[in-house]
Amino acid sequence: MLTAANDGKPYQISPTVTQPEVIDVKCLLAFADRSGRVVINRAYADWRPLGGYAESLGEAPLELIQLFPNKLGNVAVHRQLSADVITHLEQAEPADIILIIGGGSEYRQLRQIVQAKGRQLMGIGVEAVTDTFWIESCDEFNFYHRLGCRKLYTGPLDMVSLDAERARSLLTVAMNQLSRYYGTDWVQQVRIKPAIIRQEPDFDESLLGYEAFSHFLRDQGDLIERRHREGEQEPEFRLLASEDSGDEAGARTPNPEHLATYYLRVAGQQGIRMPDPIIMWEGIDVYASFLADDITFHSFSEIDQECLRLLREDFPTLSMTEVKKVRQVLFKCFLFRPSVDDTIGFHEDIKGIEDIEDRYFDLMLARIGNNLEEPFNYTALSLALTGNPDQAERLERIDGEREEE
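Residues numbered from 1 in each chain as written. Predicted model: local features only at pLDDT ≥ 70, side-chain atom pairs only at ≥ 80, totals over all residues. Heavy atoms only, no water.

Q: Outline the overall build of the protein chain, supporting the account with residue identities and numerical values.
A: A tally of regular secondary structure across the protein chain gives 16 helices and eight strands. Across the 405 residues in the protein chain, those meeting the buried criterion constitute 44%. Accessible area for the protein chain stands at about 21400 Å²; split by element, carbon and sulfur atoms hold 47% of it. (Helix = DSSP H or I, 4+ residues; strand = E, 2+ residues; numbered from the N terminus. Buried < 20%, exposed > 50% of the residue type's maximum accessible area, 1.4 Å probe, protein only. Areas by Shrake-Rupley, 256 points an atom, 1.4 Å probe, with all protein chains shown as cover.)

Q: Please provide a residue-by-residue account of the packing of aromatic side chains, values included.
A: Applying the stated criterion across every chain yields a total of 17 aromatic pairs. Following the ring pairs from residue to residue traces out a cluster consisting of Y287, F290, F297, F300, F331, F336 and F346. (Phe/Tyr/Trp six-rings, centres within 6.5 Å; stacked < 30°, edge-to-face > 60°.)

Q: I'd like to hear about helix α7 (residues 189-199), residue by residue, with values.
A: Among the residues of α7, those classed as buried are Q189, I192, K193, A195, I196 and Q199. Around the axis of α7, the buried residues are gathered within 160° of arc, so they sit on the same side. (Arc of directions from axis to C-beta.)

Q: Please provide a residue-by-residue account of the sheet that holds strand β7 (residues 224-227), values included.
A: Pairing between the strands of a sheet is mediated by backbone hydrogen bonds and can be parallel or antiparallel. Read across the open sheet, the three strands follow the order β6-β8-β7; overall the sheet is antiparallel. Every interior strand has two partners, whereas the edge strands, β6 (187-188) and β7, have only one. Sheet analysis places β6 next to strand β8 (residues 236-239), joined by two bridges and oriented antiparallel. From the neighbouring strand, V187 faces β8, where its bridge partner is F237. (Pairing = 2+ DSSP bridges.)

Q: Go over the environment of Y107 with me, naming the residues and quoting the values.
A: Structurally, the position occupied by Y107 is in the loop between β3 (97-101) and α4 (108-116). Y107 sits in the buried class, given a relative accessible area of 4%. In the structure, Y107 is positioned 25 residues away from S82 in sequence and 7.4 Å away in space, judged by C-alpha atoms. Excluding residues within four positions of it along the chain, Y107 makes contact with V77, H78, L81, S82, I100 and W134. (Contact = heavy atoms within 4.5 Å.)

Q: Can you break down the pattern of salt bridges residue by residue, with the values?
A: Scanning all chains against the criterion turns up 18 salt bridges. Between D84 and R42 there is a salt bridge, and its shortest N-O distance comes to 3.3 Å. One end of the pair, D84, is in helix α3 (residues 77-89); the other, R42, is in strand β1 (residues 42-45), and 42 residues separate them in sequence. The class of R42 is partly exposed, set by a relative accessible area of 33%. Across the pair R359 and D349 runs a salt bridge whose closest N-O atoms are separated by 2.8 Å. Of this pair, R359 sits in helix α14 (residues 353-369) while D349 sits in the loop between α13 (320-332) and α14, and the two are 10 residues apart along the sequence. In this structure, a network of salt bridges that share partners links the residues R42, E63 and D84. (Salt bridge = Lys/Arg side-chain N within 4 Å of Asp/Glu carboxyl O.)

Q: With reference to specific residues and values, describe the sheet that holds strand β4 (residues 120-125).
A: Spatially, β3-β4-β5 is the arrangement adopted by the three strands of the open sheet, whose pairing is parallel. Two strands lie at the open edges of the sheet, namely β3 and β5 (140-143), each paired on one side alone. Recorded for the sheet is a direction-independent mean angle of 15° between the axes of neighbouring strands. As paired strands, β3 and β4 are joined by five bridges and run parallel to one another. Bridge pairing in β4 places I97 opposite Q120. (Axes fitted to C-alpha atoms, helices over the stretch in contact; angles between N-to-C directions.)

Written out as structure tokens, the structure is:
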């Protein structure tokens, strides 16, 4: 729900700036009271910029759980919330109803645990951004605007940066990522919007004039192809093959998404079996947590199992094959020290996440760059290595330092 404020990026503002009150907290708390006696009442967020809620929250018996953004600027609420719910369910007399406000498919595993304990799962979400799977997973689901709550604050529309070209670019990146991840050109419609939102949390097709996401997809006939096979509930889409253009300017500036796919093919030819770029980037975050906690392992199998457990909190269907690819890439980065005490750890000169990222970038710059005749497109390279374009300047700087050496 918080994505409705601050141009869809509520955590990317200075902590000294008061966040506008986006959500009708009093209305939601009243609904919870009507559902039964509240046993535990917690709200999870990075509360530093959310001073606008002080009055509403101060009037309620609500425990505020402080969380901090990760390196991508996201606050992983579901991890802490899920852990707390599981702990509560292990108690002698847990609550009969678990009410989650603003949930999604990231709670898939939690849904199974709640139902296995014989408890009821109730959800509240915003109709435009809540995925169908989560709605169907709950025993009862309510849309925010149908509870009689105040309309979500969205701010002036002229402050929103989303436009048609940006939306089409996000769609192209999402389709490429999903195609690589699932190993097929055809992608189910239900998977596409979450992949777009992972890149751009403020994405909302209504800002482009569409009543539904399916209408937005249908209007991209020059970019994607649609099919709906008999017996399947969901339609599927695939990217159309790009046509060669005689436009010299177009030839000089190839599509970054297409170049990213090409760069990954080059890496594959050089023995780098890459997982999906987003998985790789999140995997680096997981390995950095091992480093920060000074964790050592007795085998690579132990590393893979723990990495899989953590990554499945964000990617519930992730396979062990993808996790092994993360570790194999990092192994080629000389991340691990030789075993001296029957344990596997990190080289002493690796102090933090930036060191891991730099080694990863150095490896990929060498393996890909040494096999290109043309200069790098760093935006495309960032897409290929992280799933997002925001590391382009850093990659260019590192590549420049390599050239100077």
